[in-house]
Amino acid sequence: MNTPSAIPPVPTSFRLIVTGGGTGGHTYPALTAIRTLQARLAAGGGALDVLWIGTEEGLEARVAPAEGIAFDTVVTGKIRRSSNPLKMASPANVRDMARVPLGVAQARRIVSGFRPDVVLATGGYVAVPAGLAARMCKRPLVLHEQTVRLGLANRKLAGSAARIALSSDSSLALLPEQLRPLAVVTGNPIRPEVLSGHPDKAVDALNLYGFERGLPTVYVTGGAQGSQQINDVVRDALPWLLERANVIHQCGPANVEPLRRHVASLHPGLAARYHLTGFVGPELPDVLALADLVVSRSGAGTLAELTALGKPAVFIPLATSAGNEQAHNARHLEESGAAVALIGEVTADRLVAAAGPLLTDPARRAAMAERARAHGRPDAADRLVDVLLSVAARS
Ligand SMILES: CC(=O)N[C@H]1[C@@H](OP(=O)(O)OP(=O)(O)OC[C@H]2O[C@@H](n3ccc(=O)[nH]c3=O)[C@H](O)[C@@H]2O)O[C@H](CO)[C@@H](O)[C@@H]1O
């Protein structure tokens, strides 16, 4: 059975361990699941005890404590994939593989002490030790996969899972046959505030008073770290873009300075229509609400947000993402007219050719937005919480 079943009863207390992180794509679905479960329990007068197991370096180490979520760390190693056996045996890989058993031992102590009703793993290499510890401690493990194919961590853990929650129907056919009975399609949870942004708040928060209100606004985003490729292409297309649009450019915290120097050479009238930032924080929902067009990487989290909102987009996928997953994501939306996918070498000319018709034709943007919305799953967090509750009720 691959769709969530009847809504399970809500208990008065629930103990949850969440593990996963590294990037936003693994962190925000976990955060959203926690908040949604908390709200479900609170509505019935109950309470959630939650602990997040992550690494010190991952995004989760900032996100969880800022949300008041108890946070513990284990050591773990990033296994760098390569088809070349010599590279797989690189000193960094050997060192990191040696850290995995230590991480599992640490996670086992944490899981046996906390006694969770369920362990939810959302991917990223930190999920491996805690997921294995769940099995050792005989606690049910639920996996959530954001991407179309199971990521490396989830592949390692799949044999230990009680349920595997998927973001897309198209993942079912790609699962090994023996895992299909465990699968349930929930969608990829997005933070609810992403759906309730306000354009005027973005103007105030980011001081966008130089923006020309009669022009469309383009939001450029390369993911939490930014994307050098997107930065280069947008920098080259900037004079053209700013003649036709306002631009908010999220370039990654390390890339702000070189771009700022470049902007100094723009005509002041055009420069006023350009806002450069390393990272978009709490104002992200408002920035998305202001955006008429998004130019972006096609990571699963960004896609889930843009489709739930119904935003026209030009995607420039990360070419080296595992199994070319980002290109697959982008193509999938392009096939139904829900986005434009720029795959392969991307130049400013290609970006201009893709963005031009969308910037000049609001009806074309509206049609693309409608088709994007058809792919959105704004109820994904609720569906994932249903899975957590039903797994706990069964065990
Ligand atoms: C390089 C890499 O391995 N990418 C993977 C990573 O994506 P990665 O985590 O890089 O990107 P995603 O698109 O999945 O998620 C990014 C998240 O960060 C948020 N955000 C981004 C920029 C910013 O300034 N502010 C902000 O809040 C976005 O709104 C989104 O919620 O995990 C995804 C989900 O498993 C995969 O699909 C990607 O292929």
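Residues numbered from 1 in each chain as written. Predicted model: local features only at pLDDT ≥ 70, side-chain atom pairs only at ≥ 80, totals over all residues. Heavy atoms only, no water.

Overview of helix α5 (residues 127–136)
Logical step 1: Most of α5 is tucked away: seven of the ten residues are buried.
Logical step 2: Among all positions in α5, only Ala-127, Val-128, Pro-129, Ala-130, Gly-131, Ala-133 and Ala-134 are buried. (Buried < 20%, exposed > 50% of the residue type's maximum accessible area, 1.4 Å probe, protein only. Helix = DSSP H or I, 4+ residues; strand = E, 2+ residues; numbered from the N terminus.)

Some details on the site of the ligand
Logical step 1: Lining the immediate surroundings of the ligand are 23 residues, of which Gly-25, Val-280, Gly-301, Thr-302 and Glu-305 lie closest.
Logical step 2: In this structure, Gly-25 approaches the ligand through a main-chain N or O atom, which is 2.6 Å from an oxygen atom.
Logical step 3: The side chain of Glu-305 places a nitrogen or oxygen atom 2.6 Å from an oxygen atom of the ligand.
Logical step 4: When the ligand is considered free in solution it has 770 Å² of accessible area, and contact with the protein chains removes 85% of it.
Logical step 5: Of all the secondary-structure elements, those providing two or more residues to the shell around the ligand are α1 (24–43), α12 (300–309) and α13 (325–335).
Logical step 6: In this structure, the shell around the ligand is formed jointly by two domains, domain 1 (13–189 + 378–394) and domain 2 (193–373), each of which donates at least three residues. (Near = heavy atom within 4 Å. Polar contact = N/O pair within 3.5 Å; in protein donor to acceptor, adjacent residues only side chain to side chain. Areas by Shrake-Rupley, 256 points an atom, 1.4 Å probe, with all protein chains shown as cover. Domains from an automatic or database assignment.)

Notes on the sheet that holds strand β10 (residues 274–277)
Logical step 1: Spatially, β10-β9-β8-β11-β12-β13 is the arrangement adopted by the six strands of the open sheet, whose pairing is parallel. Strands with a single pairing partner mark the edges of an open sheet, and in this sheet they are β10 and β13 (340–341). (Pairing = 2+ DSSP bridges.)

Regarding the layout of surface pockets
The gaps left among the atoms become clear once a water-sized probe is rolled over them.
Logical step 1: Estimated volume of the second largest pocket: approximately 460 Å³.
Logical step 2: Lining the second largest pocket are 22 residues; nearest its centre among them are Ser-167, Ser-168, Leu-303, His-332 and His-375.
Logical step 3: At the level of elements, α12 and α13 are the ones that each hand at least two residues to the lining of the second largest pocket.
Logical step 4: Counting contributing residues per domain, the lining of the second largest pocket is built from domain 1 (13–189 + 378–394) and domain 2 (193–373), each supplying no fewer than three. (1 Å grid on protein atoms, 1.4 Å probe; cavity = no way out; pocket = protein on both sides within 12 Å on 5 of 7 lines; lining within 4 Å. Points joined across faces, edges and corners; volume = space filled by probe spheres on them.)

Here we look at the sheet that holds strand β5 (residues 141–145)
Logical step 1: Spatially, β3-β2-β1-β4-β5-β6-β7 is the arrangement adopted by the seven strands of the open sheet, whose pairing is parallel. Sheet topology places β3 (70–73) and β7 (183–185) at the edges, where each strand pairs with a single neighbour. Put simply, the sheet's adjacent strands are angled 25 degrees from each other on average, direction ignored.
Logical step 2: The pairing of strand β4 (residues 118–121) with β5 spans three bridges and is parallel. In the strand pairing of β5, Leu-120 is matched with Val-142. (Axes fitted to C-alpha atoms, helices over the stretch in contact; angles between N-to-C directions.)

Let's talk about the environment of Asp-49
Logical step 1: If you trace the backbone, Asp-49 turns up in strand β2 (residues 47–54).
Logical step 2: With 343 residues separating them along the chain, Asp-49 and Ala-392 place their C-alpha atoms 14 Å apart.
Logical step 3: Apart from residues no more than four positions distant in its own chain, Asp-49 is found in contact with Phe-14, Arg-15, Leu-16 and Phe-114. (Contact = heavy atoms within 4.5 Å.)

Some words on the side chain of Asp-286
Logical step 1: When you line up the elements, Asp-286 lands in helix α11 (residues 284–290).
Logical step 2: Residue contacts for Asp-286: discarding those within four places in its chain leaves Gly-197, His-198, Pro-199, Lys-201 and Ala-202.

Some details on the pattern of salt bridges
Logical step 1: Taken as a whole and assessed by the stated rule, the structure comprises 14 salt bridges.
Logical step 2: Note that Arg-213 is salt-bridged to Asp-200, the shortest N-O span being 3.5 Å. Here Arg-213 is found in the loop between α7 (199–206) and β8 (217–221), whereas its partner Asp-200 is found in helix α7, with 13 residues between them in sequence.
Logical step 3: Using a relative accessible area of 55% as the deciding quantity, one classes Arg-213 as exposed.
Logical step 4: Judged by relative accessible area, Asp-200 falls into the partly exposed class, the value being 38%.
Logical step 5: Salt-bridge contacts for Asp-236 lead to Arg-235; the nearest nitrogen and oxygen are separated by 3.3 Å. (Salt bridge = Lys/Arg side-chain N within 4 Å of Asp/Glu carboxyl O.)

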